Amino acid sequence: SNLSYYYRPSTSVAQAEREDFGLSREQRIYCCPQQLFKVQPVMDRLFLGVLENDPQATILLFEPPEKHWRAALEKRFAALSPLLLERVKFLPTMPYA
């Protein structure tokens, strides 16, 4: 028999505040919740455009399981604009729930 069962994640997830992640209330948050290997180089200019047009913008990405992905992305950012290194923040990967 091919039975499957969906295990519903717990709904008792602790609430977090911006400050818990080093983010202020004044920052406007833009989140890109993709794995870093999916962030293609064409997106670098898109991120830069957001930051240039919104002085309160901070872009959030998630820390990858493979550290070299972040290093490669930061190398691309540095080649394009230091603004990307200053205002793109990495959050720890969150649990599934």
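Structure: above.
Since the model is a prediction, treat every value here as computed from it, not as a measurement. (Residues numbered from 1 in each chain as written. Predicted model: local features only at pLDDT ≥ 70, side-chain atom pairs only at ≥ 80, totals over all residues. Heavy atoms only, no water.)

Novice: Explanation requested: the state of the cysteines in the structure shown.
Specialist: What makes a disulfide is a covalent bond joining the sulfur atoms belonging to two cysteines. The full count for this structure, using the stated rule, is 0 disulfides. The cysteine Cys31 is free of any disulfide, with Cys32 supplying the nearest cysteine sulfur at 7.1 Å. Judged by its relative accessible area of 45%, Cys31 falls in the partly exposed class. (Disulfide = S-S within 2.5 Å. Buried < 20%, exposed > 50% of the residue type's maximum accessible area, 1.4 Å probe, protein only.)

Novice: I would appreciate a short explanation of the environment of Phe90 in the present structure.
Specialist: You can see Phe90 is positioned in strand β3 (residues 88–91). Classification of Phe90 by relative accessible area gives buried; the value is 15%. Considering only alpha carbons, one finds Phe90 and Glu26, 64 residues apart in sequence, at a separation of 18 Å. With residues up to four places along the chain from it excluded, the contact list for Phe90 reads Leu36, Leu61, Phe62, Glu63, Arg70, Leu73 and Glu74. (Helix = DSSP H or I, 4+ residues; strand = E, 2+ residues; numbered from the N terminus. Contact = heavy atoms within 4.5 Å.)

Novice: Honestly, the nonpolar core in this entry has me stumped. Any pointers?
Specialist: Soluble, globular proteins show a tendency: their nonpolar side chains are buried together. Phe47, Leu61, Leu73, Phe77, Leu84 and Val88 are the most contacted members of the largest nonpolar core, which totals 14 residues. Secondary-structure elements contributing two or more residues to this core are α1 (41–53), β2 (57–62), α2 (67–80) and β3. (Core = buried A, V, L, I, M, F, W, Y, C linked by side-chain atoms within 4.5 Å.)

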